[in-house]
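Secondary and tertiary structure notes
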Amino acid sequence: MLNATTAEVLDTATRGETDPIIPAYVDYDAYVKEGGYKLLGDLRAGRISKEDILKTLDDSSLRGLGGAGFPTGRKWRAVLGEPGPRLMVVNADEGEPGTFKDRFYMLRDVHRLFEGMLIAAHVVDATDVYIYLRDEYPAALKLAPIEIAKLPPGGPTIHIRRGAGAYICGEESALLESIEGKRGLPRHKPPYPFQVGLFGRPTLINNLETLFWVRDIVEKGASWWTSHGRNGRHGLRSYSVSGRVKEPGVKLAPAGITIRELIHEYCGGMADGHNFYAYLPGGASGGILPASMDDIPLDFGTLEKYGCFIGSAAIVILSQQDSVRSAALNLMRFFEDESCGQCTPCRVGTQKAALLMQRPVWNRALLEELSQAMRDASICGLGQAASNPLTSVIKYFADEFKEAAE
């Protein structure tokens, strides 16, 4: 029998999904009042050219903020260089554990996203835009059609497609398969989506937050964006911070900030009774680093040499009360569950790794060999990055595991 607490939780979850509560947000009228859609109007009227937009994006070095970090201007140019008709997809699936920045922006300033989306669609001459929205975000699913109905006339046809909660559909080609009504299985590349994408057409795929910043960067200039940053990095990053800090949440901070700076300047320090022990710099697949490595700039290209990456900037803070070995096993079980099963290195590799990691004594040589095979032979990023937490623990936290005798 369910106890009262469990029943209340289930009742709240059910009501939240059937009748979600939309928080206060900037609606169409408020957005227009503050200058919204003027840039889009100028673009459509020819007062600003496509090349002006593209050059500003190039100069700003804005990169894809869904995790891949591909230069935005270059991606738009690549799609534009393919023969039409062209399509566009907004990736709002946000399936990386620990990431919630896209939901944060969509539920507070949705028209900034929509304007960036419509600007992108105009630049690449996309006839249709498909918003692939995470089904676990019921409030966003309720809000989106309400505000889409208010958009300025003209432009592409906008479609909303609900993601069914598969982690693999965050991978762009699996996302395309899902929109087409197929199983979410990654495609072999080449051809790439900008060449042969949705329904066989050249397709521009951008993360929600990437499009969110387009208007600000174009209106304020590339120098505004690049003026932010620390430790030799440029731009802003939205860090989704969770774990053992006093003030978790979405933290808009300079790109290149260190984890120590992020904790103390933006999160109010560590939670009471907790000492900083370790952190995940890039969500489930971004690896795990010890607190002693707290001076690494958190940005694209700064973590790879340590076997980690920033990804979508999902930061999880662990304390002395946590076990990184247990965390790595939990993550491997997650990848085992979320593997699409298409390729053997990922399907079998995650399963075998999880079994080996449950043993009281780890066979380091075998686990490292298995990890390398997964990285080398998996079709997509899931299998290629699934072992990052495991190899991080082996490399940086030797005190937490016993190694099998040679």
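Notes on the structure follow. Per-chain numbering applies: the sequence of each chain, read as written, is numbered from 1 onward. Totals for whole chains, interfaces and linings use all residues, but because this is a predicted model, local features are given only for residues with pLDDT of at least 70 and pairs of side-chain atoms are given and counted only at 80 or more. As a rule here, side-chain values cover all heavy atoms of the structure and leave hydrogens and water aside.

Quick word on the overall build of the chain
Tallying secondary structure elements over the chain gives 18 helices and eleven strands in all. For the radius of gyration, the atom set is restricted to C-alpha positions; the globular benchmark scales as 2.2 Å times the number of residues to the power 0.38. The globule rule puts the C-alpha radius of gyration for 406 residues at 22 Å, and the 22 Å found for the chain is close to it. Principal-axis analysis of the C-alpha atoms gives the chain an extent of 70 × 55 × 45 Å. Taken over 406 residues, the chain has a buried fraction of 53%. Note on contacts: a residue pair qualifies if any of its non-hydrogen atoms lie within 4.5 Å across the two residues. Counted over contacts in the chain with a minimum sequence separation of 6, partners at least 24 positions apart contribute 69%. Each helix is a run of H or I in the DSSP string that is no shorter than four residues. Each strand is a run of E no shorter than two, and both are numbered from the N terminus. For every residue, the accessible area (1.4 Å probe, protein chains only) is compared with the maximum for its type, and the residue is labelled buried under 20%, exposed over 50%, or partly exposed between those bounds.

Quick word on the nonpolar core
Ile53, Trp76, Met88, Tyr239 and Ile317 are the most contacted members of the largest nonpolar core, which totals 123 residues. The dominant element in this core, judged by the number of residues it contributes, is helix α7 (residues 110-123), at nine residues. Among the buried residues, those of types Ala, Val, Leu, Ile, Met, Phe, Trp, Tyr and Cys that are joined through side-chain atoms within 4.5 Å form a nonpolar core.

Quick notes on the packing of helix α3 (residues 38-45) against α7
Close contact between α3 and α7 brings their axes to 9 Å; oriented N to C, the two are set at 15°. Between α3 and α7, the angle falls in the class roughly parallel. You can see that α3 and α7 cross each other, and the crossing is left-handed. Between α3 and α7, the contacting residues are Lys38, Leu39, Leu40, Leu43 and Arg44 on the first element and Glu115, Leu118, Ile119, His122 and Val123 on the second. Each residue gets one label: Ala, Val, Leu, Ile, Met, Phe, Trp, Tyr, Cys and Pro are nonpolar, Asp, Glu, Lys and Arg are charged, and the others, such as Gly, are polar. In terms of residue class, the contact of α3 with α7 is built from six nonpolar, one polar and three charged. Note on geometry: axes are lines fitted to C-alpha atoms, helical ones only across the stretch in contact, with angles between N-to-C directions running from 0 to 180 degrees. Each angle gets one of four labels, with under 35 degrees taken as roughly parallel, over 145 as roughly antiparallel, 65 to 115 as roughly perpendicular, and the rest as oblique. Take the far helix as the reference: if the near one is turned anticlockwise from it by less than a right angle, the crossing is left-handed, and if turned clockwise, right-handed.

Some remarks on the packing of helix α16 (residues 364-377) against helix α18 (residues 388-396)
Closest axis-to-axis distance for the α16/α18 pair is 10 Å, and the angle between their directions is 145°. Every pair of crossing elements has a handedness; the one defined by α16 and α18 is left-handed. Residues Arg364, Leu367, Glu368, Ser371 and Arg375 of α16 form the contact with α18, whose participating residues are Leu390, Thr391 and Ile394.

Looking at helix α5 (residues 72-80)
Taken as a whole, α5 has its buried residues at Thr72, Gly73, Lys75, Trp76 and Val79. Taken end-on, α5 shows its buried residues confined to a sector of 160°, consistent with a single buried face. As used here, the arc is the angular range of directions from the helix axis to the C-beta atoms.

Digging into the pattern of salt bridges
Any carboxyl oxygen of Asp or Glu within 4 Å of a side-chain nitrogen of Lys or Arg constitutes a salt bridge here. Here the structure, examined in full by the defined rule, presents 31 salt bridges. Connected through salt bridges with shared partners, the residues Asp109, Arg112, Asp216 and Lys220 form a single ionic network.

What to know about helix α4 (residues 50-60)
Each α-helix winds once per 3.6 residues, and so residues spaced three or four apart point in a common direction. Buried within α4 are the following residues: Ile53, Leu54, Thr56, Leu57 and Ser60. The buried residues of α4 occupy an angular sector of 160° when projected down its axis, which confines them to one face. Residues of α4 that are buried sit in contact with α3, α5, α7, α11 (214-220) and α12 (222-226). A positive phi of about 60° marks serine 61, the residue just after α4.

Topic: the pairing of strand β7 (residues 276-280)
Counting buried residues along β7, four of its five residues qualify, which places the element largely inside the surrounding structure. Bridge count for β7 against strand β9 (residues 314-319) is four bridges, and the pairing is antiparallel. In the sheet register, phenylalanine 276 faces β9, and the bridge partner there is serine 319. What makes two strands pair is DSSP finding at least two bridges between them. The pairing of β7 with strand β8 (residues 289-290) spans two bridges and is classified as antiparallel. Bridge pairing links tyrosine 279 to leucine 289 in β8.

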